[in-house]
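Chain and residue survey
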Amino acid sequence: MSTVAAQIQNRKNADQTPVVEYRSIRKQYGEFVAIGSVTARVNKGEVVCLIGPSGSGKSTLLRTTNALEQIQGGELLFDGKPLPASKAGIRQVRQRMGMVFQNFELFPHKTVLENITVGPRTVLKVSEQEARKRAVALLDKVGLADKADKYPANLSGGQQQRVAIARALAMEPEVMLFDEPTSALDPETIGEVLNVMKRLAEEGMTMIVVTHEMTFARRVADWVVVFDRGNIVEQGPAAQIFDNPQAERTRDFLSHLGWDG
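If you check an unreviewed UniProt entry, the protein chain appears there as Amino acid ABC transporter ATP-binding protein (PAAT family) from Neorhizobium alkalisoli. Recorded under Sequence similarities (unreviewed entry), the UniProt text for the protein chain is reproduced unchanged: "Belongs to the ABC transporter superfamily."

Written as structure tokens, this is what we have:
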């Protein structure tokens, strides 16, 4: 068995149906090819980090996962089934995925508690009492139990992003999608968010993370996928990618970032 085949076979829950599977995914904007032909999988309980230069297709691929971007070729499977074509079907799939954006996307006119309870109440039809109970527990989980009645404008960027994570978790997703969740934060608050994500990983949450935080990817990811110009140039266990990268493009990228382990 080749080294690559052995690595794939030894991945977490490799014997089970992948939570997310990309099969020769292609995405274009007019003549511009954002994603060439990408094949990858995310197993249950894995943290998969997508890394690479800005504009290399990482966020685009992430956004195809819940059909925020439509693909032009290939097939995307969630829990072994192709993403449905109907809007109703897509809404059902999105309910099973939590997504955290770069810029928080909180409702500015709602309190922190209201931001977290609105989804369970309106989409999942959870009672107000149960939604509040869930929200309070999640705020405690992300270290913001004392901010329930605050508005987003009264919070730091790191606090707002932790609220966004709590809001996504309130929908009890099967997989969490993170699109560069720390890119809009100042250095002092990046750690707050990464610590919450690390705890989620330790609890077994399936996560797909687009990130430029290489230390986080090295320490937390089970599997790392390296992108360049819309294609995967290398993928493998975090230790291999960061300590012994096989592709010259990966070595160049990490060297440019000053990565020294």
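Focus on the overall build of the protein chain
The helix and strand inventory of the protein chain stands at 10 helices and 10 strands. Against the globule reference of 18 Å for 261 residues, the protein chain gives a C-alpha radius of gyration of 18 Å, in line with a compact fold. Taking the principal axes of its C-alpha atoms as reference, the protein chain extends roughly 55 × 45 × 40 Å. Here the protein chain holds 261 residues, and 51% of them are scored as buried. Across the protein chain, every contact between residues at least 6 apart in sequence was considered, and the portion connecting residues at least 24 apart equals 68%. Element-wise, carbon and sulfur atoms account for 46% of the exposed surface of the protein chain, whose accessible area totals about 12,700 Å².

Focus on the pairing of strand S9 (residues 223-228)
Two faces make up the sheet, and in a regular strand the side chains alternate between them. Burial within S9 is extensive, with six of its six residues counted as buried. Both faces of S9 are covered, namely the face carrying Trp223, Val225 and Phe227 and the face carrying Val224, Val226 and Asp228. Two strands pair when backbone bridges link them, and strand S3 (residues 47-51) and S9 are joined in this way by four bridges, in the parallel orientation. Note that in S9 the partner of Cys49 across the bridge is Val224.

Quick word on helix H4 (residues 112-122)
Considered for burial, the residues of H4 that qualify are Val112, Leu113, Asn115, Ile116, Thr117, Gly119 and Pro120. As for H4, its buried residues are in contact with helix H5 (128-141) and helix H6 (157-169).

Let's talk about the pattern of salt bridges
In this structure the tally under the stated criterion is 14 salt bridges. The residue Glu75 makes a salt bridge to Arg23 at a minimum N-O spacing of 3.5 Å. Linking Glu75 in strand S4 (residues 73-78) with Arg23 in strand S1 (residues 20-29), this pair joins segments that are 52 residues apart in sequence. Overall, the relative accessible area of 37% leaves Arg23 in the partly exposed class. A salt bridge links Arg134 to Glu172, with the nearest nitrogen and oxygen atoms 3.7 Å apart. Pair noted here: Arg134 is in helix H5 and Glu172 is in the loop between H6 and strand S7 (175-179), with a separation of 38 residues, a long-range link. The class for Arg134 is buried, based on a relative accessible area of 15%. Salt bridges here are not isolated pairs; linked through shared partners, they connect Glu21, Arg23 and Glu75.

Considering the UniProt feature "domain: ABC transporter" (unreviewed entry) in the protein chain
UniProt tags residues 20-254 as "domain: ABC transporter" (unreviewed entry). The distance separating the terminal C-alpha atoms of residues 20-254 is 27 Å; by composition the span is 38% helix and 26% strand.

Things to note about the pairing of S4
Here S1 runs beside S4; their pairing, made up of five bridges, is antiparallel. Residue Glu21 lies in a different strand from S4, and its bridge partner there is Leu77. Sheet topology places S4 next to strand S5 (residues 81-82); two bridges connect them, and they run antiparallel. Bridging across to S5, Phe78 finds its partner in Lys81. Linking S4 to S5, which pair antiparallel, is a turn of two residues; within it Asp79 sits at a positive phi near 55°.

Let's talk about the packing of aromatic side chains
According to the stated counting rule, one finds zero aromatic pairs in the structure shown. Sitting over the ring of Trp223, Arg11 keeps its end group 4.0 Å from the ring centre.

As for the side chain of Asp179
Considering the arrangement of structural elements, one finds Asp179 in strand S7. Comment: no salt bridge for buried Asp179; closest opposite-charge side chain is Arg63, at 4.9 Å. In terms of polar contacts, Asp179 uses its side chain to reach the side chain of Ser59, at 2.6 Å. Ignoring any residue separated from it by four or fewer positions in sequence, one finds Asp179 in contact with Ser59, Leu62, Arg63, Met99, Val100, Phe101, Gln102 and Val210.

Reading the values: rules and limits
- Residues numbered from 1 in each chain as written.
- Predicted model: local features only at pLDDT ≥ 70, side-chain atom pairs only at ≥ 80, totals over all residues.
- Heavy atoms only, no water.
- UniProt positions renumbered as here; feature names shortened; annotations may be inferred.
- Helix = DSSP H or I, 4+ residues; strand = E, 2+ residues; numbered from the N terminus.
- Rg over C-alpha atoms; globule rule 2.2 N^0.38 Å.
- Buried < 20%, exposed > 50% of the residue type's maximum accessible area, 1.4 Å probe, protein only.
- Contact = heavy atoms within 4.5 Å.
- Areas by Shrake-Rupley, 256 points an atom, 1.4 Å probe, with all protein chains shown as cover.
- Pairing = 2+ DSSP bridges.
- Salt bridge = Lys/Arg side-chain N within 4 Å of Asp/Glu carboxyl O.
- Phe/Tyr/Trp six-rings, centres within 6.5 Å; stacked < 30°, edge-to-face > 60°.
- Lys NZ or Arg CZ within 6 Å of the ring centre and 35° of its normal.
- Lys, Arg positive; Asp, Glu negative; His and termini not counted.
- Polar contact = N/O pair within 3.5 Å; in protein donor to acceptor, adjacent residues only side chain to side chain.

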